Amino acid sequence: MTSPKPRVVLGVSAGIAAYKVCELLRRLTESGHDVTVVPTEDALRFVGEPTWAALSGKPVSTGVWDGVADVPHVRLGQQADLVFVAPATADLLARAAGGLADDLLTNTLLTARCPVVFAPAMHTEMWEHPATRANAATLRSRGAVVVEPASGRLTGKDTGPGRLPEPAELFEVARHVLARGADGRDLAGRHVVVSAGGTREALDPVRFLGNRSSGLQGYALARTAVARGARVTLVSANVALPDPAGAEIVPVESAEDMREAVLKAAGAADAVVMAAAVADFRPAGYQGSKIKKSEGSEPEPIRLAKNPDILAELGERRRPGQVIVGFAAETDDVLENGRAKLARKRCDLLVVNQVGEGLTFGRPDNAAVILGADGSQTEVPRGAKEALAEVVWDQVAARLVPPPAG
Ligand SMILES: Cc1cc2nc3c(=O)[nH]c(=O)nc-3n(C[C@H](O)[C@H](O)[C@H](O)COP(=O)(O)O)c2cc1C
């Protein structure tokens, strides 16, 4: 017997980014989801009913008066495994937060007991308006995932936060939220900071000392935290991967840049996960112009200087209740070195993985042992980096102090 297809209601409100959601719909249907598109009446001005009907293979309604015998205004929400609204306009967020039920989409939102995701998209001024912020906060407090919009080019010439994240990344959010089910948002209301990638330490304007970190593990951590409801700041060093939907990206280059960005973001964060490969050393002297090859003489040796130890600094500055997670890439005596590092850096958890030829770097999979300051030791067998990310968040969530009641 084949298992039934997960049922997704794809709500579309009247933002210019509605056209991008056709691609999200395709990804959902092609990966075996049963998708019913519920646009708002105004959304059909941007993308018409025939497009949604043809791509979903289902009839499309905006109001509660079509097919009344099937009571779609309650049935759709009750039967859904996921309701995903993209783009979510300022107006739709307000109507949803206010509990209005003046069209099929808002009726569906009130009857849904499954996970609900809103992907807002609008001009920066609308997104930053206190009314919209309050509506997003209300929806989050009720357990919905409200994906932070991306920053970048908006309609016309403006740029700023308010862009709809790319469809492939929205699809990842949908996939993760569906996989975790109704009780999966255990990081809701939490702010987490994740570092990813590998720092570059400049020798001259064109050359640097770097490392092989791809950023895949840090990006998997960011993606999974968004799907678990967290607000995510992703400090990203030299990563050539698409931005995960919903994470605020802070691009950095060197260890010094990373230190500044991580310490700033960590100030009020509930958890900090340092998955980036931060260089221990940098060239002692930076040459302002390109180092020349001089005929007949040997090149100068590169002298190195120590970089700041960000993890140790986080351990020293931690605020009460903050959970700090380090990563250790070891080639030999993996566990012994990991335990020593955990004690030295005073972090709560250390994810130790063995690196070397063909292991970990740039690969989609990883295997690790998670060491806890409380003496715990959790083996995570080789699997997708996202699976390891989920176990890391399980361990972080278990160590977070419950938020004050009320
Ligand atoms: C060209 C154009 C683009 C718009 N883009 C957006 C947008 O990206 N986000 C938004 O919140 N509202 C946007 N609006 C305003 C909404 O369409 C308007 O608030 C509408 O009433 C929302 O209806 P709905 O929430 O029922 O879908 C846009 C309006 C126009 C005319």
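Each chain carries its own residue numbering, running from 1 in the written order of its sequence. It should be noted that, the model being predicted, local features are given only for residues of pLDDT at least 70 and side-chain atom pairs only at 80 or more, the latter also being counted only at that level, while totals for whole chains, interfaces and linings use all residues. Side-chain calculation: all heavy atoms of the structure are included, whereas hydrogens and water are not.

Participant: Quick one: what's the story with the sheet that holds strand 2 (residues 34–39), residue by residue and with numbers?
Facilitator: Judged by pairing direction, the sheet is parallel, and its five strands sit side by side in the order 2-1-3-4-5 without closing on themselves. Strands with a single pairing partner mark the edges of an open sheet, and in this sheet they are strand 2 and strand 5 (145–146). Bridging between strand 1 (residues 7–12) and strand 3 (residues 82–88) involves four bridges; their strand directions are parallel. Across the sheet, Val8 pairs through a bridge with Leu82, a residue of strand 3. What makes two residues a contact is simply this: any of their non-hydrogen atoms within 4.5 Å. Helix axes use the C-alpha atoms of the stretch in contact, all axes being lines fitted to C-alpha atoms, and the angles between their N-to-C directions lie in the range 0 to 180 degrees. Segments assigned H or I by DSSP are reported as helices when at least four residues long, segments assigned E as strands when at least two residues long, and all are numbered from the N terminus. Against the sheet, helix 1 (residues 18–30) engages strand 1, strand 2 and strand 3, with an angle of about 175° to strand 1. Only strands joined by at least two bridges in the DSSP assignment are considered to pair.

Participant: Describe the site of the ligand, listing the residues and the values that go with them.
Facilitator: Near the ligand lie 15 residues; those nearest to it are Ala14, Thr40, Thr89, Ala90 and Arg95. Polar contacts, as counted here, are pairs of nitrogen or oxygen atoms within 3.5 Å of one another; within protein the pair requires one atom able to donate a hydrogen and one able to accept it, and residues that are adjacent in sequence qualify only if both atoms are side-chain atoms. Ile16 places a polar main-chain atom, nitrogen or oxygen, 3.5 Å from a nitrogen atom of the ligand. Here the ligand loses 65% of its free accessible area of 650 Å² to cover by the protein chains. Along the lines of polarity and charge, the residues of the shell around the ligand split into eight nonpolar, four polar and three charged. For this purpose, a residue is taken to be near a molecule or strand whenever a single non-hydrogen atom of the residue falls within 4 Å of it. Accessibility throughout is a Shrake-Rupley quantity obtained with a 1.4 Å probe, and a residue counts as covered only by protein chains that appear here. In this classification, Asp, Glu, Lys and Arg are treated as charged, Ala, Val, Leu, Ile, Met, Phe, Trp, Tyr, Cys and Pro as nonpolar, and every other residue, Gly included, as polar.

Participant: Report on a negative patch on the surface, specifying residues and quantitative values.
Facilitator: Taken together, the side chains of Glu253, Glu256, Asp257 and Glu260 define an acidic patch exposed on the protein surface. Residue placement: Glu256 occurs in helix 10 (residues 255–266). By relative accessible area, Glu256 is classed as partly exposed at 38%. Every patch collects residues that have over 30% relative accessible area and no salt bridge, joining them within 9 Å if they carry like charges and within 5 Å if they are nonpolar side chains (Val, Leu, Ile, Met, Phe, Trp, Tyr). Salt bridges are defined by distance alone: a side-chain nitrogen of Lys or Arg within 4 Å of a carboxyl oxygen of Asp or Glu. When charges are counted, Lys and Arg contribute as positive and Asp and Glu as negative, whereas His and the chain ends are disregarded. Where a charge lies is defined by one atom per residue type, namely NZ (Lys), CZ (Arg), CG (Asp) and CD (Glu). Three labels apply to residues, based on accessible area from a 1.4 Å probe with only protein chains included: buried if under 20% of the type maximum, exposed if over 50%, partly exposed otherwise in between.

Participant: Would you mind going over the environment of Arg282 in detail, with residue names and values included?
Facilitator: Structurally, Arg282 can be placed in strand 14 (residues 281–283). Discounting chain neighbours no more than four positions away, the residues touching Arg282 are Glu201, Glu256, Arg303, Leu304, Ala305, Lys306, Asn307 and Pro308. At 2.8 Å, the side chain of Arg282 and the side chain of Asn307 are in polar contact.

Participant: Describe the UniProt feature "domain: Flavoprotein" (unreviewed entry) in the chain, with residues and values.
Facilitator: The feature "domain: Flavoprotein" (unreviewed entry), as annotated in UniProt, sits at residues 7–172 in this numbering. Taken end to end, residues 7–172 comprises 41% helix and 21% strand; its first and last C-alpha atoms sit 16 Å apart. UniProt positions are given in the numbering used here, feature names are shortened, and annotations may be inferred rather than shown by experiment.

Participant: A description of the pattern of salt bridges should follow, citing residues and the corresponding values.
Facilitator: Side-chain pairs of opposite charge can arise where the charged atoms are in close proximity. Under the definition given, this model contains 28 salt bridges. Between Lys58 and Asp34 there is a salt bridge; the shortest N-O distance is 2.7 Å. Residue Lys58 is found in the loop between helix 2 (49–56) and helix 3 (72–79), and its partner Asp34 is found in strand 2; the two are separated by 24 residues along the sequence. Residue Lys58 is classed as partly exposed on the basis of its relative accessible area, which comes to 26%. Bridged by salt links that share partners, the residues Glu169, Glu172, Arg175, Arg223 and Glu386 form one connected network.

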